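# Commentary on secondary and tertiary structure
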Amino acid sequence: MSEIERSDEQVGIRQSFIAVSILGIIGTIAAVWLSGTVAARSVAIGAALAVANLWLLAQMVRGFLARKGASAPWSIVAVLKFVLLFGAMYVLVRTRIVEILPCVFGFGALPIGIVLAEVLGGRGNSGQG
């Protein structure tokens, strides 16, 4: 991977982190205004899980590409990430720390933020080349 490709990749990941974080903050503020503090806490926790999930996913992809396809260790990490994410959600919901629907809205910042970062990112990659 050349230095330019690595730089473009880091810019894209950074833009995604920023977009997901901003959407999480906006969602939390909207939840305070619309539903109160419990819903806002749930949205904030969901958004924090989304940002953490994006970070771990970026690390997994970077590690996988650095090994040129040797995927066994990263497959284990992916399964552990999945189990930890669902385990964390189970504990948060069972202990009533979060409400399910607002937390899902907060986690929804992940796919929406990634799409917005790619659409509005303006990296000039329009499929040419």
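This one's a predicted model, so the numbers in the text were calculated from it and none came from an experiment.

Another point: the overall build of the protein. When its secondary structure is counted, the protein shows 5 helices and 0 strands. Secondary structure of the protein in N-to-C order comes out as α-α-α-α-α. Taken across its 129 residues, the protein has 25% of its residues classed as buried. In the structure as shown, the protein presents an accessible area of about 8,500 Å², 71% of it carried by carbon and sulfur atoms.

Inspection of the secondary structure puts G63 in helix α2 (residues 37-66). Overall, G63 belongs to the buried group, its relative accessible area being 13%.

Attention now moves to the environment of I97. Along the polypeptide, I97 turns up in the loop between α3 (72-94) and α4 (100-107). Not counting residues within four places of it along the chain, the set of residues in contact with I97 comprises R41, S42, I45 and L92.

Another aspect to go through is the packing of aromatic side chains. Within the structure shown, the criterion is met by 1 aromatic pair. Note on F82 and F86: the rings are 4.6 Å apart at their centroids and 55° apart in plane angle, and the pair reads as tilted. Of this pair, F82 and F86 are both found in helix α3, 4 residues apart, which corresponds to roughly one turn of the helix. On the basis of relative accessibility, which here comes to 51%, the residue F82 falls in the exposed class.

Another aspect to go through is unusual backbone geometry. As a rule of thumb, non-glycine residues mostly have phi less than zero, and peptide bonds are mostly trans rather than cis. A positive phi angle is found at R96, which is not glycine, with a value near 60°. Mapped onto the secondary structure, R96 falls in the loop between α3 and α4. Classification of R96 by relative accessible area gives exposed; the value is 71%.

Here we take up a nonpolar patch on the surface. Taken together, I112, V115, L116, V119 and L120 make up a surface patch of nonpolar side chains, about 490 Å² in accessible area. Residue L120 is classed as exposed on the basis of its relative accessible area, which comes to 65%.

Definitions and cut-offs
Residues numbered from 1 in each chain as written. Predicted model: local features only at pLDDT ≥ 70, side-chain atom pairs only at ≥ 80, totals over all residues. Heavy atoms only, no water. Helix = DSSP H or I, 4+ residues; strand = E, 2+ residues; numbered from the N terminus. Buried < 20%, exposed > 50% of the residue type's maximum accessible area, 1.4 Å probe, protein only. Areas by Shrake-Rupley, 256 points an atom, 1.4 Å probe, with all protein chains shown as cover. Contact = heavy atoms within 4.5 Å. Phe/Tyr/Trp six-rings, centres within 6.5 Å; stacked < 30°, edge-to-face > 60°. Patch = residues over 30% accessible without salt bridge, like charges linked within 9 Å, V, L, I, M, F, W, Y side chains within 5 Å. Salt bridge = Lys/Arg side-chain N within 4 Å of Asp/Glu carboxyl O.

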